[in-house]
Amino acid sequence: MTSRLTHVEPYAEAEMLCPAKVNLALSVGAAQENGYHPIVSWMVAVDFWDQLSVQCIEGIEDRYHISFSEDASVRQAVDWDVEKDLVYKAHQLMKRRVEKKIPPVEVTLKKYIPAGAGLGGGSSDAAGMLVGLNELFELGIGDDDLIAMGAELGCDVGFAVSAFLGKPSAMATGYGEVIEAMTHLEPVHLALIMPNVGCATAEVYNAFDEMSEDHKDVDHDGVWSLIKGGKLKADGPFNDLAEAAEKVQPRLGELRGRIYEAVHKPVHVTGSGSAMFVIGESKEDARKMMDIIVERCDVACIDVQTLKINP
Ligand SMILES: C[C@@](CO)(OP(=O)(O)O)[C@H](O)COP(=O)(O)OP(=O)(O)OC[C@H]1O[C@@H](n2ccc(N)nc2=O)[C@H](O)[C@@H]1O
Ligand SMILES: Nc1ncnc2c1ncn2[C@@H]1O[C@H](COP(=O)(O)OP(=O)(O)O)[C@@H](O)[C@H]1O
């Protein structure tokens, strides 16, 4: 479960674990007139989370506390205003959407997922807020509408909502907002590497445009055959944004080389970077690689696995 509701009248609280996502495959087409790129991606949610709590309070104003946890693997500061936070934006969107008035809440977001990592942390926090408010105030918004609301906040937010609803593996198409949830998922074990530098998504897509001479179509079949191909092999994942991410953040290419030297397995970039991952044969294998990477590569690394599908 990724959410928990505690009803102690008159106070009630929703606690949400907001999972990171990994793009196991990401195919990107040429930018459209609106500047956005069509994509086909196999996205999975993993057991690495931000913690979000939404609590009813007395008073008239909402309160927000947003910070990185002291014990986060990558220490960052929240360098954006509350009004720019996706949790705040999700809250405002929900208030506009429902006619029933939402009472004041105290929102506490404790972040572990680094920003600008291609792990969709902010998207997941936003999804947690939509799902949490819907449950807490019994707003009765259906799954498809919640996913559509997510897509208004960001291309990746619809997938994050779907993961909250028990579907942590999906093929995303359109600009990422069209979600086809998968009903079967072989567990995938990963060593997840989180460099202490971030990549801004828009910058990476711009670099992709500059680097792509011949504009190809998205590789729908390639992504689909990976999803349907049984146990994922270490060399299975691919990412059309990987080179662009390395152009934006040249340290990544060098680090990727060092990690490969240490574990002798392909090292993949998730989303627009900066995080990378190596596929393990098993939980033990992923953990062993994590130990080696932490020891030899001077970078934060944890072992994670895909969340189970909730039937
Ligand atoms: C690259 C991906 C892969 O899953 O993830 P991240 O690395 O950001 O986690 C996504 O496509 C990111 O989705 P998301 O992070 O929600 O993007 P948004 O906030 O909607 O858009 C940020 C910016 O990225 C660019 N953008 C985003 C999605 C898309 N299909 N084409 C784009 O060109 C646009 O320049 C946009 O202004
Ligand atoms: N709750 C949040 N968590 C992380 N980043 C957020 C959040 N809300 C807004 N942001 C903004 O989003 C930026 C990260 O976006 P992006 O590069 O797309 O992330 P990612 O690649 O991790 O999905 C941050 O630098 C910050 O300005």
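As shown above, the structure is provided for reference.
Residues numbered from 1 in each chain as written. Chains lettered and ligands numbered in written order. Predicted model: local features only at pLDDT ≥ 70, side-chain atom pairs only at ≥ 80, totals over all residues. Heavy atoms only, no water.

**Student:** I would appreciate a short explanation of the pairing of strand S7 (residues 178-181) in the present structure.
**Tutor:** On a regular strand, one side chain projects to one face of the sheet and the next to the other, so that they alternate. When strand S6 (residues 169-173) meets S7, the two strands line up antiparallel, connected through four bridges. When the sheet's bridge partners are listed, Ala170 is paired in S7 with Ala181. The hairpin formed by S6 and S7 contains four residues between the paired strands, and Gly174 there has a positive phi angle of roughly 70 degrees. (Pairing = 2+ DSSP bridges. Helix = DSSP H or I, 4+ residues; strand = E, 2+ residues; numbered from the N terminus.)

**Student:** Just to check I follow, could you spell out the pattern of salt bridges for this structure?
**Tutor:** Pairing is possible between side chains that carry opposite charge, provided their charged atoms lie close to one another. Scanning the model with the defined rule gives twelve salt bridges in all. Notably, a salt bridge pairs Arg63 with Glu106, separated by 3.2 Å at the nearest N-O pair. Taken together, the residues span a long stretch of sequence, with Arg63 in strand S4 (residues 63-68) and Glu106 in strand S5 (residues 105-111) at a distance of 43 residues. Given a relative accessible area of 39%, Arg63 falls into the partly exposed group. As a salt-bridge pair, Arg256 and Glu246 come within 2.6 Å of each other at their nearest N and O atoms. Placement of the pair is Arg256 in helix H8 (residues 251-263) and Glu246 in helix H7 (residues 242-248), with a sequence separation of ten residues. (Salt bridge = Lys/Arg side-chain N within 4 Å of Asp/Glu carboxyl O. Buried < 20%, exposed > 50% of the residue type's maximum accessible area, 1.4 Å probe, protein only.)

**Student:** Can you walk me through the site of ligand 1 in this structure?
**Tutor:** Taken together, 17 residues are adjacent to ligand 1, and His37, Cys155, Thr201, Tyr205 and Ser272 come closest. Here Lys21 contributes a side-chain N or O atom positioned 3.0 Å from an oxygen atom of ligand 1. A distance of 3.0 Å separates a nitrogen atom of ligand 1 from a polar backbone atom of Tyr175. Calculation on ligand 1 without its partners gives an accessible area of 690 Å², and the protein chains cover 83% of this total. Elements that contribute at least two residues to the shell around ligand 1 include exactly strand S2 (11-28) and helix H5 (201-211). With three residues, H5 is the largest single contributor of residues to the shell around ligand 1. Among the residues making up the shell around ligand 1, the classes are represented as six nonpolar, nine polar and two charged. Mapping the shell around ligand 1 onto the domain boundaries places at least three of its residues in each of domain 1 (3-181) and domain 2 (189-305). (Near = heavy atom within 4 Å. Polar contact = N/O pair within 3.5 Å; in protein donor to acceptor, adjacent residues only side chain to side chain. Areas by Shrake-Rupley, 256 points an atom, 1.4 Å probe, with all protein chains shown as cover. Nonpolar A, V, L, I, M, F, W, Y, C, P; charged D, E, K, R; others polar. Domains from an automatic or database assignment.)

**Student:** Where do I start with the packing of aromatic side chains in this structure?
**Tutor:** What characterises a pair of aromatic rings is the spacing of the ring centres plus the angle enclosed by the ring planes. Considering all chains together, one arrives at three aromatic pairs under this definition. On the basis of an interplanar angle of 80 degrees and a centroid distance of 6.5 Å, the ring pair of Phe68 and Trp80 is categorised as edge-to-face. Residue Phe68 is found in strand S4, and its partner Trp80 is found in the loop between S4 and helix H1 (86-97); the two are separated by twelve residues along the sequence. We classify Trp80 as partly exposed; its relative accessible area is 26%. (Phe/Tyr/Trp six-rings, centres within 6.5 Å; stacked < 30°, edge-to-face > 60°.)

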